[in-house]
Each structure stands twice: as structure tokens, then as C-alpha cells.
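These are the residues of each chain, in order.
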Amino acid sequence: MGSIRPVDYRGYQGADMEWLSTSDGVRERTFGRGFLVGDRRGFSLRWTTPADDWDSAANRQALDTFLRTFTYTSG
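Residues numbered from 1 in each chain as written. Predicted model: local features only at pLDDT ≥ 70, side-chain atom pairs only at ≥ 80, totals over all residues. Heavy atoms only, no water.

*Asks:* Would you mind going over the pattern of salt bridges with me for this structure?
*Replies:* Any two side chains of opposite charge can pair, given that their charged atoms come close. Enumeration according to the criterion identifies 3 salt bridges in this entry. Its salt-bridge partner being Arg33, residue Asp16 comes within 2.6 Å of it at the nearest N-O pair. With Asp16 in strand S2 (residues 12-23) and Arg33 in strand S3 (residues 26-38), this pair connects stretches of sequence that are 17 residues apart. The two residues Asp16 and Arg33 agree in class, both being buried. Each of the salt bridges in this network shares a partner with another, and the network as a whole consists of Arg5, Glu18 and Arg29. (Salt bridge = Lys/Arg side-chain N within 4 Å of Asp/Glu carboxyl O. Helix = DSSP H or I, 4+ residues; strand = E, 2+ residues; numbered from the N terminus. Buried < 20%, exposed > 50% of the residue type's maximum accessible area, 1.4 Å probe, protein only.)

Pasting the structure below:
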């Protein structure tokens, strides 16, 4: 936990990160994916859920859908 891993996301160079935190007494787990889409533009996507729900089928499906369907417009 807390490591940074290189990733290719839709042909862009990026990095995946995961970490734990506590908010209002609830232990949370966050996945972050940062990636560059050009010389001066990048994105940081984050997905946070209660840590106890992280491995649930519903959470994994939602995260997979989020990463698969994220879109942006260049300009």
C-alpha cells in the first residue's frame, strides 16, 4: 500500500497509486491514476470507498466502469 506503479492508460503514460486514510472515523481506501495527454495537460482520477468495501464485487465493477468510460475533450 502506498506504492506508485507505472501504467499505460489508453496509450498514455501514467501512474497508479493506492493509499489508506480516515475520514469522519471511517477507514477509506483510495485508488488514484494520473496520466498525461499532452505536453501541458494531464488528469488525476481518484476513486475512494470505505476500506471494508474495497474488494466487493460491486466496488470493483464500479471502479472498472469508471476507468473504462472516463472521457475528455481536447482543446
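*Asks:* Just to check I follow, could you spell out the pairing of S2 for this structure?
*Replies:* Side-chain positions along a regular strand alternate between the two faces of the sheet. Pairing of strand S1 (residues 4-9) with S2, which is carried by 6 bridges, proceeds in the antiparallel orientation. Counted as the bridge partner of Ile4 is Met17 from S2. Hairpin connection from S1 to S2: 2 residues lie between these consecutive antiparallel strands, with Arg10 at a positive phi of about 55°. In this antiparallel pair of consecutive strands, S2 and S3, the connection spans 2 residues, and Asp24 shows a positive phi of 50°. (Pairing = 2+ DSSP bridges.)

*Asks:* Explanation requested: the packing of aromatic side chains in the structure shown.
*Replies:* In this description, a pair of aromatic rings is defined by centroid distance and the angle of the planes. What the rule picks out here adds up to 8 aromatic pairs. Seen from their ring centres, Phe35 and Phe43 are 5.6 Å apart, and the 25° between their planes marks the pair as stacked. Given the relative accessible area of 22%, Phe43 is considered partly exposed. Plain terms: the ring middles of Phe35 and Phe70 are 6.3 Å apart, the flat faces sit at 85° to each other, and that makes the pair edge-to-face. Of this pair, Phe35 sits in strand S3 while Phe70 sits in the segment after helix H1 (57-69), placing them 35 residues apart in sequence. You'll find Phe35 and Phe70 in the same group, each marked buried. (Phe/Tyr/Trp six-rings, centres within 6.5 Å; stacked < 30°, edge-to-face > 60°.)

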